[in-house]
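One-letter residues, chain by chain:
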Amino acid sequence: MNSSYIRTPESISIKSIEEKGFTLSSSQYMDLIMPNKNYKLVGDFLSRPLKRSDLGVEVGSLNYIRQSPLYFLRTKALQSYSFLPEITSESALPVMPSVFVKQNFKEGDLLISKDSNIGEIVILEKDYPNFMTSSAIYKLPINEYKYYLLAFIKHQIFREQLDFMVPKGATIRHAKTMFLDCKIPIPNKDAAETIKFVEVLTQAIIDKEKLIKEKHQTIFDIIDNELKNNQKEKSFSMDFPTINEIDSIGRLDTGLYNENFKRLNFLVKNYKYGSIDLISRGFNWERGTSLEKNFIRTRIDSDTYVKGFYELVLPTNISQYGFVEKTTYIGTPSKLKTISQGDIIFGGEGFGKGRTYVVIEDTNNVATNYHAIRIINKNNDLTESIFIRCFLAYRREKGMIDYIGVGGSGGHCAPSYFHLIETPLFPKERQKNVAKLYHNEKAVYLTKSWNLDNFLLNDNEFNKIAGIYELDKTAKQLKTKLNLAIDNIVNDKSVEIDFA
């Protein structure tokens, strides 16, 4: 894949400096190279010109409230690694019903950011009737070639065009509607078939990302229902902390005395098949290596694989759904601690706090940093490791990791608090039912005989039995194939229609 379409000149003339108003900013003298001269502008794909009603509305932070059935969607919901909106407590804020503006968002709508993380785009995987967007987000009116346009806007060629229009040095970047003037190359060779190939790949990626969300929620529903439907006869009652309780916990800077924490923890402790804390269950822990230069002395960072480098799994790159969004690499003569199959990688601090990932495959030379805690299953039971990862994700969703953790700026949940994480003793078969939604070894991706006409049908059959891990893995494979196809279109080369 082409790493960049920007060309930096080796020298510039006095005349070009004069034409640029005597600015010496290096970005003003770079060129964007796009060999394919057959293109449409983004605006040409729209079914009508943009209107003010296509843009969101600001409600003001005074109208953010703790709970509401109505939400305000911020640009944080639009991320480069996902074709779908990322709905979190930071990207979707509950708002006062009196300021809510109904925008009637439907499945298939395209939302694009014009400010902040400009040019980021997502497609809605379902109707969002109770959401409105900020004034930084446009809804694009488009009917034809929707997936083709989406694929190109997600690609580097679009981002680099937009960077030329809106200088990166600006404190606050505003694209207004300049993104409408970005060029979208059209294939010159086998155009109809090539466009269909791009759209089929894009549709398949969206289908997988949608199913990841659904299976993630199903995991939570299974755990929640199992706990609530299998309680002992004892009922919850809220008691204020006693001196003895405070003395045994040894902390005041904690949410452990909170009624909501106690109620949720009671559900686990009162589970009829029993419960046990994480450490007593047979799990151990180990911090990753500190990657600071004053510790490992020498390091070279890379976004692409380099022979001999360590692959890094960092908590900040772990998705809320339990897979690694982005892999980076580091070269160092220092020996780093590596991770093994069955390990649970747990984010200990900051943004990634409580995010978890299970190492499914045998790994070599894969490391993590000090902010990641490697939770090791001494029972060597992959199904149990996956179940515990899913349960930890469920607890995080309920706010339990925040209650246990401590500190500002995202806080931290250190291993010294792991004994406070109570885990239910689900029967083995029910653990398997949960684990299968995360990883199913029977889901094998055999695409060699698939073609344009039967790909989506066959892919959907695979998706039905695939776990979150397999869905993410195959989505990444398709993204690589999609980016290669787009590179070839941009460079005016033939695109090989092949799914193998």
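As the structure is a prediction and not an experimental result, all values here were calculated from the model.

Enquirer: I'd like a description of the packing of helix 8 (residues 382-397) against helix 10 (residues 428-438), backed by residues and values.
Expert: Their axes nearest at 8 Å, the elements helix 8 and helix 10 cross at an angle of 80°. Comparing their axes, helix 10 and helix 8 come out roughly perpendicular. On helix 10, the residues touching Thr383, Glu384, Ile386, Phe387, Arg389 and Cys390 of helix 8 are Gln431, Lys432, Val434, Ala435 and Tyr438. Among the residues making up the contact of helix 8 with helix 10, the classes are represented as six nonpolar, two polar and three charged.

Enquirer: Break down the layout of surface pockets for me, citing the residues and quoting the values.
Expert: If you add up the space inside the second largest pocket, you get close to 1,900 Å³. Surrounding the second largest pocket, 48 residues form its lining, Ile87, Thr88, Ser89, Gln320 and Glu397 being those nearest its centre. Sorting the residues of the lining of the second largest pocket by element identifies strand 5 (92-94), helix 4 (191-228), helix 8 and helix 9 (400-404) as the ones contributing at least two each. Looking at the lining of the second largest pocket, its residues break down into 15 nonpolar, 15 polar and 18 charged.

Enquirer: If you had to explain the pairing of strand 16 (residues 344-347) to someone new, which residues and values would you point to?
Expert: Burial of strand 16 is two-sided: the residues Ile344 and Phe346 facing one way and the residues Ile345 and Gly347 facing the other way are all buried. Of the strand pairs in this sheet, strand 16 and strand 17 (residues 356-358) are connected by three bridges, and their pairing is antiparallel. Bridging across to strand 17, Ile345 finds its partner in Tyr357. In this sheet, strand 19 (residues 372-377) lies alongside strand 16 in antiparallel orientation, the contact comprising four bridges. Paired with Ile345 across the two strands is Arg374, which belongs to strand 19.

Enquirer: Outline empty space enclosed by the protein, supporting the account with residue identities and numerical values.
Expert: Within this structure, the stated rule accounts for one cavity of 30 Å³ or more. Size it by volume and the largest cavity reaches roughly 80 Å³. If you trace the largest cavity, you find it lined by His216, Phe220, Ser319, Gln320, Gly354, Arg355, Thr356, Arg389, Ala393, Arg396 and Glu397. Contributions of two or more residues to the lining of the largest cavity are made by helix 4 and helix 8. Broken down by element, the residue count for the lining of the largest cavity peaks at four residues, all from helix 8.

Enquirer: Got a sec to walk through the sheet that holds strand 9 (residues 137-140)? Specific residues and values, please.
Expert: The sheet built from three strands is open, its strands ordered 7-6-9 with antiparallel pairing. A strand with exactly one partner marks an edge of an open sheet, and here the two such strands are strand 7 (121-123) and strand 9. Ignoring strand direction, the axes of neighbouring strands in this sheet form an average angle of 25°. As judged from the three bridges shared by strand 6 (residues 110-113) and strand 7, these two strands associate in the antiparallel manner. Along strand 7, the bridge assignment pairs Ile112 with Ile121.

Enquirer: Describe the packing of aromatic side chains, and please don't skip the residues or the numbers.
Expert: In the structure shown here, the tally under the stated rule is 19 aromatic pairs. Between Phe261 and Tyr403, the ring centres sit 6.0 Å apart and the planes meet at 75°, which makes this aromatic pair edge-to-face. Taken as a pair, Phe261 in helix 6 (residues 259-269) and Tyr403 in helix 9 lie far apart in primary sequence, 142 residues in all. For Phe261, a relative accessible area of 6% puts it in the buried group. Measuring from ring centre to ring centre gives 5.6 Å for Trp450 and Phe455, while their planes differ by 65°; the resulting arrangement is edge-to-face. Take Trp450: its relative accessible area is 14%, and that puts it in the buried class. Grouped by ring-pair contacts, the aromatic residues Phe197, Tyr445, Trp450, Phe455, Phe462 and Phe499 constitute a single cluster. Above the ring of Tyr128, the side-chain terminus of Lys126 is found at 5.3 Å from the ring centroid. Against the face of Tyr370 rests Arg287, its NZ or CZ located 4.5 Å from the ring centre.

Enquirer: Account for helix 10, with residues named and values stated.
Expert: Each turn of an α-helix holds 3.6 residues, which means side chains three or four residues apart point in the same direction. Among the residues of helix 10, those classed as buried are Gln431, Val434, Ala435, Leu437 and Tyr438. Considered in projection along helix 10, the buried side chains sweep an arc of 155° and stay on one side of the axis. For helix 10, the secondary structure elements touched by its buried residues are helix 4, strand 17, helix 8 and helix 12 (468-490).

Enquirer: Any chance you could break down the environment of Glu384 for me, citing the residues and the numbers?
Expert: With respect to the helices and strands, Glu384 occurs in helix 8. Along the sequence, Glu384 and Arg7 sit 377 residues apart, while their C-alpha atoms lie 52 Å from each other. Setting aside chain neighbours within four positions, we find Glu384 in contact with Arg281, Phe283, Asn377, Asn379 and Gln431. Here Asn379 takes part through its side chain, which lies 3.0 Å from a polar atom of the side chain of Glu384.

The rules we used
- Residues numbered from 1 in each chain as written.
- Predicted model: local features only at pLDDT ≥ 70, side-chain atom pairs only at ≥ 80, totals over all residues.
- Heavy atoms only, no water.
- Axes fitted to C-alpha atoms, helices over the stretch in contact; angles between N-to-C directions.
- Helix = DSSP H or I, 4+ residues; strand = E, 2+ residues; numbered from the N terminus.
- Parallel < 35°, antiparallel > 145°, perpendicular 65-115°, else oblique.
- Contact = heavy atoms within 4.5 Å.
- Nonpolar A, V, L, I, M, F, W, Y, C, P; charged D, E, K, R; others polar.
- 1 Å grid on protein atoms, 1.4 Å probe; cavity = no way out; pocket = protein on both sides within 12 Å on 5 of 7 lines; lining within 4 Å.
- Points joined across faces, edges and corners; volume = space filled by probe spheres on them.
- Buried < 20%, exposed > 50% of the residue type's maximum accessible area, 1.4 Å probe, protein only.
- Pairing = 2+ DSSP bridges.
- Phe/Tyr/Trp six-rings, centres within 6.5 Å; stacked < 30°, edge-to-face > 60°.
- Lys NZ or Arg CZ within 6 Å of the ring centre and 35° of its normal.
- Arc of directions from axis to C-beta.
- Polar contact = N/O pair within 3.5 Å; in protein donor to acceptor, adjacent residues only side chain to side chain.

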